[in-house]
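# A look at the structure
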Amino acid sequence: MSRLRRLLSGALAGALATLCGMAAGHLVAALLTPSSSPVLAVGSTVIDLTPTPLKEYAVREFGTKDKAILVGSVMAVTLLVAAVAGVLARRWFAAGAGLLLVLVALAGAAALSRPLATASHVVPSLAAAVVGLTALALMIRPPGAIVLLRRLDPRDTGSPVGGDESGVDAADTDRVSSDTTDTTPGSGPRASRRVVLLTSGLVAVAAAAMGFAGEKVIAFRTRIGNVTLPPVADPLPPLPEGLEGRFSGISDFQTSTGSFYRVDTNLTIPVVPVDDWKLTIDGDVDESFSLTFEELAAMPLIERDITMTCVSNEVGGRYIGAARWIGVRLTDLLDRAGVGSGADQVLSTATDGFTISTPLEVVRDGRDAMVAIGMNGEPLPAEHGFPARLITPGIYGFVGATKWLTRLTLTTYAEESAYWTDRDWATDAPIKISSRIDTPKPLASLKKGRTVIGGVAWAQHVGVGRVEVRIDGGDWQEAELGPDAGIDYWRQWFLPWDASSGSHMLAVRATGLDDEVQTAARMTPFPEGSSGIQEIVVNVE
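Below is a short write-up of the structure. Predicted, not measured: the structure shown is a model, and the values here were computed from it.

### Considering the overall build of the chain
- Each helix and strand in the chain was counted, giving eleven helices and 19 strands.
- Seen through its principal axes, the chain has C-alpha atoms that stretch 95 × 70 × 40 Å.
- Expressed as a percentage of the 541 residues in the chain, the buried residues total 52%.
- Once local pairs closer than 6 in sequence are excluded, the contacts in the chain between residues at least 24 apart make up 74%.
- Across the chain, the 46 positively charged side chains and the 59 negatively charged ones have centroids separated by 11 Å.

Printed below as a string of structure tokens:
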């Protein structure tokens, strides 16, 4: 076997063995705690350690695919190191196995470093180590596979166990050619190309099967099941018909649950059995208490139309959605607990230990902050926070929209800091008034003549008063607004336009009911949300 072939064979063995180990670890984690999966644990740790500018770059450039790219990057680096381990293992098995164990140890340490981690979080990494090293041994030194193959097919020319230095028994010398047997001095018994291919194929199939099974188990465990929302004590009338029925391209007045944006730090959706879940209110309160899901749902429920915006949303971005939420007023829960005089924040905690800080004065100023259990008439989907999440209209999600909520602690900013506060994001982050052009799209090619410019605008907890469009740097022209669903909900808008041939610059701005005009000053999302005027170029033929 040529040197290059030996290197490639070793690299393939190391990569396949590691994939098999990772798949085994993922399957075990799916049965225990999905976030303890070796790859996901390392990925989550990478997210925590990534500098804020780099995080913002990833969200801006890759959007909702940022998690898949991160996991893919972690796997690529891991497999590269695993390939080196496989090459080492061909010459010195202990060295290659040791390098793989280092990878597993890093994954185990990452799993144990997660908030609320227990000793069980290291079990998937241990499973990955056992399965991965076993697979590596079978592919690098597979005497068992050779014996089995020979029993199945006497024609095989593989090397038997206990041969000489080249791995070839003297009695079989006349049957073994240098083309099918590795004769690397000191390498110990080696298998024929036939055995290597067979063993590698079996390892690859095992890896694929375990990985697939792990994903299916997680999907099964995160399904909502038979959860029925009780009647709402304070329901809303049906939403009016939006402009999307009249003008193609304008965002739907109500964002469908499946289309609603998702931006969070979770690489996998937490598994939260509703029967075991409870919400605890504690800290600086007169009386701490806990509620089961059934008890929470039995409280008076409100229904509110609220637009949510992610702080990572760039000017003209898509990280915004409008939905009808069902839940319990946050003030009802706080009043029941009796808030102490010293608290200035509500520290909300997710089931995985993730925390968010919300200014107490914001949730007590009369806005419809709630612990939501329903979205668009159905129970919250798992990806949006089932069984319950925090919704605070008028402020960005990173300070008021904790998903998979399990605890509300009344405390002070001096005593406790949350995940994003520790990363120098703002503590009080009202959503900035903004607007977006949905149609036409940037760089679109249009036909000359009558068309429509349209989109959405928002001024959460203030309300949109008017929207204006500017064409080619001319005067601002007032657009016509769509239906109104309240100050916490976005407004659709449109402006008829007689488009002439050539290239045109379109811009939009909104004005709130308080007469605040959307600023033209450009600001990046960090640390308190983006600002500026969206401008796009279109071509008219």
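### What to know about the sheet that holds strand β15 (residues 476-478)
- Spatial strand order, β12-β19-β18-β14-β15: five strands in an open sheet with mixed pairing. Single-partner strands in this sheet number two, and they are β12 (445-446) and β15.
- Relative to strand β19 (residues 534-540), strand β18 (residues 502-512) runs antiparallel, the two being bridged by seven bridges. From the neighbouring strand, Gly-502 faces β19, where its bridge partner is Val-540.

### Regarding the packing of aromatic side chains
- Enumeration over the complete set of coordinates arrives at twelve aromatic pairs.
- Aromatic pair Phe-260 and Tyr-261: ring centres 5.2 Å apart, planes at 20 degrees, arrangement stacked.
- Residue Phe-260 is classed as buried on the basis of its relative accessible area, which comes to 7%.
- For Tyr-261, a relative accessible area of 14% puts it in the buried group.
- Each member of the aromatic cluster is reached from another via a ring pair, and the members are Phe-354, Phe-398, Tyr-419, Trp-420, Trp-425 and Phe-526.
- Here the guanidinium or amino end of Arg-336 rests over the ring plane of Phe-289, the centre of that ring lying 4.3 Å away.

### A closer look at unusual backbone geometry
- Put simply, Phe-386 and Pro-387 share a cis peptide bond, and its omega is 10 degrees.
- In this structure, Pro-387 sits in the loop between β8 (378-379) and β9 (389-391).
- With an omega of 5 degrees, the peptide bond between Phe-526 and Pro-527 qualifies as cis.
- Mapping Pro-527 onto the fold places it in the loop between β18 and β19.
- Unusually for a residue other than glycine, Leu-116 sits at a positive phi of about 65 degrees.
- By the secondary structure assignment, Leu-116 is in the loop between α5 (93-112) and α6 (123-140).
- Here Leu-116 falls in the exposed class, since its relative accessible area comes to 56%.
- Positive phi, normally seen in glycine, also occurs at Asp-515, with a value near 70 degrees.
- You can see Asp-515 is positioned in the loop between β18 and β19.

### Remarks on the environment of Tyr-261
- One can find Tyr-261 in the loop between α8 (193-221) and β1 (278-283).
- Considered as a pair, Tyr-261 and Lys-65 are 196 residues apart in the sequence and their alpha carbons are 12 Å apart.
- The contact partners of Tyr-261, leaving out residues within four places of it in the chain, are Met-308, Thr-309, Cys-310, Arg-318, Tyr-319, Ile-320, Gly-321 and His-384.
- From its side chain, Tyr-261 meets the backbone nitrogen of Thr-309 in a polar contact 3.4 Å long.

### Details of the pairing of strand β5 (residues 345-350)
- A large share of β5 lies buried, amounting to six of its six residues.
- Burial of the side chains of β5 extends over both faces: Gln-345, Leu-347 and Thr-349 are buried on one face and Val-346, Ser-348 and Ala-350 on the other.
- The pairing of β5 with strand β6 (residues 355-359) spans five bridges and is antiparallel. Bridge pairing in β6 links Val-346 to Thr-358.
- Count of turn residues in the β5/β6 antiparallel hairpin: four residues, of which Gly-353 carries a positive phi of about 95 degrees.
- Inspection of the sheet shows β5 paired to strand β10 (residues 405-411) by six bridges, in the antiparallel sense. Looking at β10, one finds that Val-346 is bridged to Leu-410.

### Some words on the pairing of β10
- Where burial is concerned, most of β10 is hidden: five out of the seven residues are buried.
- Alignment of β1 against β10, held across four bridges, turns out to be parallel. The residue bridging Asp-282 from the neighbouring strand is Thr-409, located in β10.

### What to know about a nonpolar patch on the surface
- Residues Leu-54, Tyr-57, Phe-62 and Ile-69 make up a contiguous nonpolar surface patch of about 350 Å² in total accessible area.
- Top contributing element to the nonpolar patch by residue count: helix α3 (residues 52-62), with three residues.
- By the secondary structure assignment, Tyr-57 is in helix α3.

Rules used throughout
- Residues numbered from 1 in each chain as written.
- Predicted model: local features only at pLDDT ≥ 70, side-chain atom pairs only at ≥ 80, totals over all residues.
- Heavy atoms only, no water.
- Helix = DSSP H or I, 4+ residues; strand = E, 2+ residues; numbered from the N terminus.
- Buried < 20%, exposed > 50% of the residue type's maximum accessible area, 1.4 Å probe, protein only.
- Contact = heavy atoms within 4.5 Å.
- Lys, Arg positive; Asp, Glu negative; His and termini not counted.
- Charge placed at Lys NZ, Arg CZ, Asp CG, Glu CD.
- Pairing = 2+ DSSP bridges.
- Phe/Tyr/Trp six-rings, centres within 6.5 Å; stacked < 30°, edge-to-face > 60°.
- Lys NZ or Arg CZ within 6 Å of the ring centre and 35° of its normal.
- Polar contact = N/O pair within 3.5 Å; in protein donor to acceptor, adjacent residues only side chain to side chain.
- Patch = residues over 30% accessible without salt bridge, like charges linked within 9 Å, V, L, I, M, F, W, Y side chains within 5 Å.
- Areas by Shrake-Rupley, 256 points an atom, 1.4 Å probe, with all protein chains shown as cover.
- Salt bridge = Lys/Arg side-chain N within 4 Å of Asp/Glu carboxyl O.

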